[in-house]
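# Architecture and fold: a report
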Amino acid sequence: MGRFLPEIPHEELQSRRKKCQQRMEDGSLLLLFTGPRQILSNDVHHRFRQDSDFYYLTGLPVEEGILALSPESATVYIKPGSPEKETWEGPQPDIIETTEISGIEDVRPWEKFDEDLESLLKNRSALYYPYSFHPEWDQKLLGLASRLHLRGRGGDAGPGSILHSAELVHELRMFKSDWEIARMQETAAITTEAHMRVIEATRPGVFESELEGVLFSVFRKHGANEAYPSIVAGGPRACILHYIKNDAELKEGQSVLMDAAAARNYIHSDVTRCFPVGKRFTQEQRTIYEIVLKSQKEAVAATVVGATMDLVHEKAVSVLVEGLRSIGLLKGTTEQILEEKSYRRFYMHRTGHWIGHDVHDVGRYYIEGKPRHYEPGMVTTVEPGLYIPQDDDIPAGFRGIGIRIEDDVVVTKDGPLNLTQSMPVEIEQIEGLK
Ligand SMILES: [Mn+2]
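Residues numbered from 1 in each chain as written. Predicted model: local features only at pLDDT ≥ 70, side-chain atom pairs only at ≥ 80, totals over all residues. Heavy atoms only, no water.

## Remarks on the nonpolar core
In this structure, Leu215, Ile288, Tyr289, Phe346, Leu386, Ile388 and Ile403 are the most contacted members of the largest nonpolar core, which totals 53 residues. Residue contributions to this core peak at five residues, all from helix H10 (residues 283-301). Grouped together as the second largest cluster of nonpolar side chains are 22 residues, Tyr56, Leu69, Ile101 and Ile104 included. (Core = buried A, V, L, I, M, F, W, Y, C linked by side-chain atoms within 4.5 Å. Buried < 20%, exposed > 50% of the residue type's maximum accessible area, 1.4 Å probe, protein only. Helix = DSSP H or I, 4+ residues; strand = E, 2+ residues; numbered from the N terminus.)

Structure (structure tokens):
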């Protein structure tokens, strides 16, 4: 093996491509493109982030590549590196290395794509591609497809229909293989280690940014990166759902909401834990924490074959509502509260989302307008929370408390498999780390 270690075994990639090919219409073609490099500022780019669909089917890190998949064949076009590019950016896979990484035998240089394009599109029953994602490809593909139709007298035609590649690839990506679940377990373990290091390092006077640095050092130690911008929110900032400034000083008596997780080779975790800045939660923080924990446990237990995202959400909401009624923050009957949705003052987001090669993973949540039933191999987050506003009608001790507890759960035929179950979640466990 040469300069590149494949990140995904060939058998795994081949099984994904085969499943994709079996879902394609006879005589159709799928085209996928690498993601464009994003600019950070001026002429400096972000770290390259591969297109998830392209990576899922090829395992290739190349910045300029095209996958052409028909029900019978797979071809990859790549721009091999030049000595000059390699001086600046290091080794780029050549034709042979591209085969070694992807297991795809037919690898061609980028320039060949323009030559091949007409024969690739001609007389196809359908073309699947991520339309309106790359305007330059839209122009090229739609332009040629339409010219082929105009030349119909010669006996040829363009693709009969154009379908979004999501129809094919995203549906496959929803169902995780055993190999993917094992990788998700690894990122969950890295995430667990990072959270525990942060909880140990938290004390009054520490800044949120320092804790973010602790997370990052654990992620990088394991060759991972942050799966999304980490949220390290002390005190009332926990009620800002997408707080990512992470620049404030932590004070005794506050709790921290940390929504942060690792991703490695485009396999993501998404985990939230809450912990006190000092040694112990306050009584009010503890009260809110216990309500959210009960809700989260029941929602995880409800993540079973045949359930739906909506059912799990309703389960989580019902426990939160009972808890808020018991401490007087919500008044009225449960039915009224659910009917009027007055709980949304304290719980305004959904309870879960798919997770995988994207942190908010692809795949439909509804089929023909109805919530989709859980099937084995689907992976979802379960993340109820409560966010108590700093309003005059709220008892002082509860104002500004924000608690969310989030784990990643695999639906299996034997019940929910919580990938982050080894992470401390009970109050005693969390306070025990301090
Ligand atoms: Mn999440």
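## Considering the sheet that holds strand E11 (residues 255-259)
What holds strands together in a sheet is hydrogen bonding between their backbones, with the strands either parallel or antiparallel. The strand order across the open sheet built from three strands is E10-E11-E14, with neighbouring strands paired in antiparallel fashion. One side of each edge strand has no neighbouring strand; the edge strands of this open sheet are strand E10 (231-234) and strand E14 (272-276). Neighbour-to-neighbour, the strand axes of the sheet open up by a mean angle of 15°, direction not taken into account. Examined bridge by bridge, E10 and E11 share four bridges and lie antiparallel to one another. Among the inter-strand pairings, glycine 234 is bridged to a residue of E11, identified as valine 256. Contacting E11 and E14, helix H8 (residues 178-201) runs over the sheet at an angle of about 15° to E14. (Pairing = 2+ DSSP bridges. Axes fitted to C-alpha atoms, helices over the stretch in contact; angles between N-to-C directions. Contact = heavy atoms within 4.5 Å.)

## Section: the packing of aromatic side chains
Within the structure shown, the criterion is met by nine aromatic pairs. Judged by centre distance (5.4 Å) and plane angle (85°), the rings of phenylalanine 113 and tryptophan 137 are edge-to-face. Taken together, the residues span a long stretch of sequence, with phenylalanine 113 in helix H5 (residues 111-121) and tryptophan 137 in helix H6 (residues 135-150) at a distance of 24 residues. Neither residue differs from the other here; phenylalanine 113 and tryptophan 137 are each classed as buried. Look at tryptophan 354 and tyrosine 365: their rings are 5.0 Å apart centre to centre, the planes differ by 15°, and that puts the pair in the stacked class. Of the two residues, tryptophan 354 sits in the loop between helix H12 (334-340) and strand E15 (366-367) while tyrosine 365 sits in the loop between H12 and E15, which places them eleven residues apart along the sequence. Take tryptophan 354: its relative accessible area is 3%, and that puts it in the buried class. Given a relative accessible area of 27%, tyrosine 365 falls into the partly exposed group. Through a chain of ring-to-ring contacts, three or more aromatic side chains come together here, namely Phe33, Tyr77, Trp110, Phe113 and Trp137. (Phe/Tyr/Trp six-rings, centres within 6.5 Å; stacked < 30°, edge-to-face > 60°.)

## Considerations on the domain arrangement of the chain
Domain assignment breaks the chain into domain 1 (10-173) and domain 2 (178-432). Relative placement of domain 1 and domain 2: their C-alpha centres are 37 Å apart. Counting residues at the interface gives 13 residues for domain 1 and 14 residues for domain 2. Carbon and sulfur atoms supply 42% of the area that domain 1 and domain 2 bury against each other, a total of about 1200 Å² over both sides. The largest share of the area that domain 1 buries against domain 2 comes from Arg49, Tyr55 and Arg173, three residues that together contribute 38% of it. The interface formed by domain 1 and domain 2 includes six salt bridges. Taking the shortest distance from any N to any O, the salt bridge between arginine 173 and aspartate 361 comes out at 2.9 Å. At the boundary of domain 1 and domain 2, one finds nine residue pairs in polar contact (both at pLDDT 80 or more). (Domains from an automatic or database assignment. Buried area = accessible area lost by both parts, 1.4 Å probe. Salt bridge = Lys/Arg side-chain N within 4 Å of Asp/Glu carboxyl O. Polar contact = N/O pair within 3.5 Å; in protein donor to acceptor, adjacent residues only side chain to side chain.)

## A few points about the pattern of salt bridges
Two side chains of opposite charge can pair, provided their charged atoms sit close to one another. Using the criterion set out here, one finds 39 salt bridges in the structure. The residue glutamate 86 makes a salt bridge to arginine 3 at a minimum N-O spacing of 3.2 Å. Taken together, the positions of glutamate 86 in helix H3 (residues 83-89) and arginine 3 in the segment before helix H1 (10-23) put the pair 83 residues apart, joining distant regions of the chain. A relative accessible area of 44% places arginine 3 in the partly exposed class. Put simply, aspartate 156 and lysine 122 hold a salt bridge, and the shortest N to O gap is 3.6 Å.

## A few points about the coordination of the manganese ion
All of the protein donors around the manganese ion are Asp270 (OD), His353 (NE2), Glu383 (OE) and Glu406 (OE); their distances to the metal are 2.1 to 2.4 Å. Counting along the primary sequence, the residues that act as donors to the manganese ion give the motif D-x82-H-x29-E-x22-E. Taken together, the positions of glutamate 383 in the loop between strand E17 (379-382) and strand E18 (385-387) and glutamate 406 in the loop between strand E19 (402-404) and strand E20 (407-412) put the pair 23 residues apart, joining distant regions of the chain. Residue glutamate 383 shares its accessibility class with glutamate 406, and that shared class is buried. (Donors = N, O, S within 2.8 Å, 3.2 Å for Na, K, Ca; no water.)

## Focus on H1
End to end, H1 covers 20 Å across 14 residues, agreeing with the expected 20 Å (1.5 Å per residue, within 8%). For H1, the full list of buried residues reads Glu12, Leu13, Arg16, Arg17, Cys20 and Gln21. Buried-residue contacts for H1 involve strand E1 (29-33), helix H2 (52-58), strand E4 (65-69), helix H4 (95-102), helix H7 (166-173) and H8. (Expected span 1.5 Å × (residues − 1).)

## Quick notes on the side chain of serine 255
For serine 255, the position within the fold is in strand E11. The exposure class of serine 255 is buried, given its relative accessible area of 5%. Excluding anything up to four places from it in sequence, serine 255 contacts Ala233, Gly234, Gly235, Phe275, Pro276, Val277, Phe281, Gln285 and Ile403.

## Description of the pairing of E4
In terms of burial, E4 is largely enclosed, as five of its five residues are buried. Residues Gly65, Leu67 and Leu69 of E4 are buried on one face, and the alternating residues Ile66 and Ala68, pointing to the opposite face, are buried as well. Direction of pairing for E4 relative to strand E5 (residues 74-78): antiparallel, over a ladder of five bridges. Looking at E5, one finds that glycine 65 is bridged to isoleucine 78.

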